[in-house]
Amino acid sequence: MAMSVDYREPYTATLNGDLRPWYAPLMGGMPLRPGEALPLQFVEAVAAPWRSEQELRGVKEKARQLKHYDMAAAAARQLQQKKHELGQNAIRTLRQNQAWQALHQEDAVLDTILAVDYTWAAQLDLLNREAQAAIAELQERHEDQLFKKRLEQVHAAWDRGVRPERRSKELLNLRRSEVVLVKQEDYDKAFKVHARAARLAYEEACNAHMYWLLRCHGQQGKMLAQQQRELEALRRRLEMRLREAELARERDMLQLERKIKVSSTKQAEVRKVERRTAEQMLSGRGIINTTTTRTGRSIKDAFPTMAIATSA
């Protein structure tokens, strides 16, 4: 009686409706002497690596029943190898997801730092522009004040004239002498006295004009000094304001750096706990714990990195 046997099919073969492991048929079986092992090629074909876990577990269980321990050992090795490969793949996937999350976290940190730095740069630029505008406005107002002061001085000189405050006694005496000589009709001496008085009057006028110029320049100098003090005070206030903004920026950046450091430390600890939990689960020692059994919690709470990667 013939039996159809195909090593590529599952671990059962059909013989008149009877299901048997195809390495132990009902008839035409494989003759073995007591204590003799199954052929190695046959064992390798049955407990092949390409078989599924369900098939290998069926082969191992049936081999144990038939006391074909060499076949059971081969199936057990294949199952152990698959379990090991599954664990390695799980660890590799976890590490890849953690690396992915770390990369995205670094991108998010960089974006946050750039956003904060850009915000403060814009704020500092605005303060600088406002300071320059305030200084320019004050300088323009000072120029207008100085121009109005000069106009006031010129108008006052035009209205009152520029003359000595007091005439010299010599010029007054010469004027009297000139009048007396004209009355006496001594015109030669009167001409000489008149010429001398005119020269002296011209010198006094020049001195008076110079005194007026010096007095105007002195008033303008006082105004310029006052304006310079106002400008320096404004610059100090603006520099203090800008410095306070720079100090606030430094405090914000330091605070952000501390938060990033704390977050990175926590994330590193989470990744470490995830790897340890994964190793425990693969070894069968940590599948049920306080995290996964807490009300409202699930297995994804034990692997937040995997949950984030799955949701992304």
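No experiment lies behind these values; they were computed from the predicted model shown. (Residues numbered from 1 in each chain as written. Predicted model: local features only at pLDDT ≥ 70, side-chain atom pairs only at ≥ 80, totals over all residues. Heavy atoms only, no water.)

### Digging into a negative patch on the surface
Part 1: On the surface, Glu137, Glu140, Glu143 and Asp144 cluster together into a patch of negative charge.
Part 2: Along the chain, Glu137 falls in helix α3 (residues 69-160). (Patch = residues over 30% accessible without salt bridge, like charges linked within 9 Å, V, L, I, M, F, W, Y side chains within 5 Å. Areas by Shrake-Rupley, 256 points an atom, 1.4 Å probe, with all protein chains shown as cover. Salt bridge = Lys/Arg side-chain N within 4 Å of Asp/Glu carboxyl O. Lys, Arg positive; Asp, Glu negative; His and termini not counted. Charge placed at Lys NZ, Arg CZ, Asp CG, Glu CD. Helix = DSSP H or I, 4+ residues; strand = E, 2+ residues; numbered from the N terminus.)

### Quick notes on the confidence of the model for the protein chain
Part 1: Averaged over every residue, the pLDDT of the protein chain is 77; the share at 70 or more is 76%.
Part 2: Considering only residues more than four positions removed or in separate chains, one finds that residues 1-22, a stretch of pLDDT under 50, has 44 contacts.
Part 3: In this model, residues 24-29 is a region of pLDDT below 50 whose contacts with residues beyond four sequence positions or in other chains number 7 contacts. (pLDDT = per-residue confidence, 0-100. Contact = heavy atoms within 4.5 Å.)

### Things to note about the nonpolar core
Part 1: Counting residues in hydrophobic clusters, the biggest one holds 11 residues: Leu38, Phe42, Val43, Val46, Ala47, Val59, Ala63, Met71, Ala72, Ala74 and Ala75.
Part 2: The set of elements that each furnish at least two residues to this core consists of α1 (40-46), α2 (53-65) and α3.
Part 3: Examining the composition of this core, we find that 4 residues originate from one element, α3, more than from any other.
Part 4: Here Ala47 is in contact with Leu56, Met71, Ala74, Ala75 and Gln78, once residues within four sequence places are set aside.
Part 5: The next biggest cluster of nonpolar side chains, apart from the first, holds 8 residues, and it includes Leu181, Ala190, Leu200 and Ala201. (Core = buried A, V, L, I, M, F, W, Y, C linked by side-chain atoms within 4.5 Å. Buried < 20%, exposed > 50% of the residue type's maximum accessible area, 1.4 Å probe, protein only.)

### Things to note about unusual backbone geometry
In most cases, non-glycine residues show a negative phi, while peptide bonds are predominantly trans.
Part 1: Positive phi, close to 60°, is recorded for Lys67, a residue that is not glycine.
Part 2: As for its placement among the helices and strands, Lys67 is situated in the loop between α2 and α3.
Part 3: In the Ramachandran plot, Glu185 falls in the positive-phi region, its phi being about 60° despite a non-glycine side chain.
Part 4: Relative to the elements of secondary structure, Glu185 occurs in the loop between α4 (169-183) and α5 (187-282).

### Some details on the pattern of salt bridges
Part 1: Scanning the model with the defined rule gives 7 salt bridges in all.
Part 2: Arg57 is the partner of Glu53 in a salt bridge, and the nearest nitrogen-oxygen pair spans 3.4 Å. Highlighted residues: Glu53 and Arg57, both in helix α2, separated by 4 residues, approximately one helical turn.
Part 3: Assessed through its relative accessible area of 34%, Glu53 is described here as partly exposed.

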